[in-house]
Amino acid sequence: MKHDFSYFIREGVGNLFSHGFMSFATVGITVACLLIMGTFSLVAYNAEMLLRTLESEYEILAFIDDGNSAAQTQAIGRRIAELPNVKSVEFITRAEAMTAFEDRTLDDYLRANISEDMFRDRYAVFVNDLNLVNRTADQVRAIVGEKNVRVDEDIAGGFILVRNVAGVVSFALIIILLVVSVFIISNTIRLTTFDRRDEIAIMKMVGATNGFIRWPFVYEGFLLGLLSAIFAFALQWLIYASVAKGIDAADTLKFLDVVPFGSIWRPVAAIFGGAGMVIGIGGSLTAIHKFLQV
Amino acid sequence: MIRLNNIVKEYENGTHALRGVTMKIEDGEFVFLVGPSGSGKSTIIKLLTGEIVANSGRIAVNGFNLMNISDRQVPLLRRSIGVIFQDFRLIEKKTVYENLSFAMRAVGASPRLVRGRIPYVLELVGLSDKTQQFPHELSGGEQQRVAIARALVNNPSTIIADEPTGNLDPSRSLEIMRLLGRINELGTTVVVVTHERDLVNRFQKRVISLENGVVTGDGVSYDAK
Ligand SMILES: Nc1ncnc2c1ncn2[C@@H]1O[C@H](COP(=O)(O)OP(=O)(O)OP(=O)(O)O)[C@@H](O)[C@H]1O
Ligand SMILES: [Mg+2]
């Protein structure tokens, strides 16, 4: 028997409107669940992106004592590059270091009074994982000596915490809220099956297959999930854009680079749509499951 | 064909509804199934439609072995049987026509088949002028004729009616029985459960009597006390 799409979808839409207020309330609650999940995930995502930027800029400076020959200096560089958490090592001559310093410094007196012999050759060491930076710094110290290593200030620590907390919280929330929204949609569809119990009984009596009986409810759940996903996505966009604007405008938050929504809307839409469908279809299948046992 | 062989049915609460029932109904027969209240008539019908399963014995309906029928086959069994109940079981918010088309769409009939079949069946039960009525706008006899039309609409080989006239006055009851007789003449096997003795005796048909879960008679008249 072929799948009678137009029949099932008409029945499914009919179900939606047969108790319009319940459908409306269900969509409302599911939108709220999706928004909470989405917001936490986006915070976690932004924290992650920020951390990656910090990671890519974060450097350990390993100074080379003047007594080393060129060959010795190269050997030191190789040993550092072989350390576990090291992503890359960049050699910076004292001349380059001075130029960079001059570029950064606005103080004319200082600029006029520096000379190349105030600088040393150094390696800039970049790491893979900021979590492990202290251990890596210790390993570099073991190679070039305790006093010859300078580590950036620890602004990363706070972000690692934010990232980790946001990650764990959004994971837990996603699980909890998925279950909650499946339950809510399932409940609404159970109501429809109850409204339609006479029709279901007659369908069984005349020999309708379980699949046939199930489809209208699956479409009802699917539509509830899809509607929720669409509304949630639109609201998420609005909220995200206005928060991003607020952060851009705030002087104290200059260092926060919010990923623009325009560059992530596709995956966000796909995830909202996917979550909506899983919730909707999952809800209807759990609702109808018991009904079809008899 | 319907075949029951030493069928025993005990409900979960311990009631022995059937205590070894054996009967055989050939294709094209018209059979009354009679007996006092609680004798097990409805239990037999529920067994025939696959709604419940017997504890022991053998039972076959229209080529399906009901002692080990699979879940996937049950809908096919039911398509071969049209069932009619005392309380009609029409969908109140659907018109006569919609009640019938609903039953046809439920087994995958195309809209074209539905449009072609329904007028014929309504003509057969004499309701051609009531297609757009709702059940509550019809008399009891008319509602039962809609139920009969619905049982027929998917062209089953067997019609099973459980007290189809239980809610009707005697002249309406006679009409319904005559209609079932006419349907039988068109080639459909008909099994009618009833305990209206006078009605049964107006027809010269096979009568199977049931008492206390066993068959006590199989002849052409109903002489229960
Ligand atoms: N679902 C059930 N659970 C337990 N016992 C049941 C159930 N259905 C029927 N019975 C019992 O089984 C016996 C036979 O019932 P059944 O409904 O088959 O009788 P019947 O001949 O159709 O009676 P009636 O003429 O009153 O409709 C009765 O004793 C009844 O109480
Ligand atoms: Mg009964």
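Residues numbered from 1 in each chain as written. Chains lettered and ligands numbered in written order. Predicted model: local features only at pLDDT ≥ 70, side-chain atom pairs only at ≥ 80, totals over all residues. Heavy atoms only, no water.

Looking now at the side chain of S170(A). All names here are of chain A. Within the secondary structure layout, S170 lies in helix α7 (residues 156-195). Exposure remark for S170: the relative accessible area of 5% places this residue in the buried category. In terms of polar contacts, S170 uses its side chain to reach the backbone carbonyl oxygen of G167, at 3.3 Å. When neighbours within four sequence positions are excluded, S170 is seen to be in contact with F40, S41 and A44. (Helix = DSSP H or I, 4+ residues; strand = E, 2+ residues; numbered from the N terminus. Buried < 20%, exposed > 50% of the residue type's maximum accessible area, 1.4 Å probe, protein only. Polar contact = N/O pair within 3.5 Å; in protein donor to acceptor, adjacent residues only side chain to side chain. Contact = heavy atoms within 4.5 Å.)

The next point concerns the interface of chain A and chain B. Chain A puts 13 residues into the contact, and the matching count from chain B is 17 residues. Both faces considered, chain A and chain B share a buried interface measuring about 1,500 Å² in area, 62% of it formed by carbon and sulfur atoms. Taken together, the connections running from chain A to chain B amount to one salt bridge. Seen at the junction of chain A and chain B, the total is three residue pairs in polar contact (both at pLDDT 80 or more). Looking at the side of chain A that touches chain B, the element that brings in the most residues is helix α8 (residues 197-206) of chain A, giving six residues. For the side of chain A that touches chain B, the per-class residue count stands at eight nonpolar, two polar and three charged. (Buried area = accessible area lost by both parts, 1.4 Å probe. Salt bridge = Lys/Arg side-chain N within 4 Å of Asp/Glu carboxyl O. Nonpolar A, V, L, I, M, F, W, Y, C, P; charged D, E, K, R; others polar.)

With 115 residues, the main nonpolar core has L4(B), F32(B), I44(B), I148(B) and L180(B) as its most contacted residues. Sorting elements by how many residues they give to this core places helix α9 (residues 210-249) of chain A first, with 10 residues. If we ignore the near neighbours within four places in the chain, the residues touching I44(B) are L4(B), L18(B), V21(B), M23(B), L33(B) and L210(B). If you look at the next biggest cluster of nonpolar residues, it comprises 21 residues, including L54(A), Y58(A), I80(A) and V127(A). (Core = buried A, V, L, I, M, F, W, Y, C linked by side-chain atoms within 4.5 Å.)

What follows deals with the site of ligand 1. Residues and elements named next belong to chain B. By nearness alone, 15 residues border ligand 1, and S37, G38, K41, S42 and T43 come closest of all. For ligand 1, an oxygen atom lies 2.5 Å from a polar atom in the side chain of S37. At 3.3 Å from an oxygen atom of ligand 1 is found a main-chain nitrogen or oxygen belonging to S39. Here ligand 1, which alone exposes 630 Å², has 65% of that area covered by the protein. Here the residues of the shell around ligand 1 are counted per class, giving three nonpolar, nine polar and three charged. (Near = heavy atom within 4 Å. Areas by Shrake-Rupley, 256 points an atom, 1.4 Å probe, with all protein chains shown as cover.)

Remember, this is a structural readout, not a statement about activity or role.
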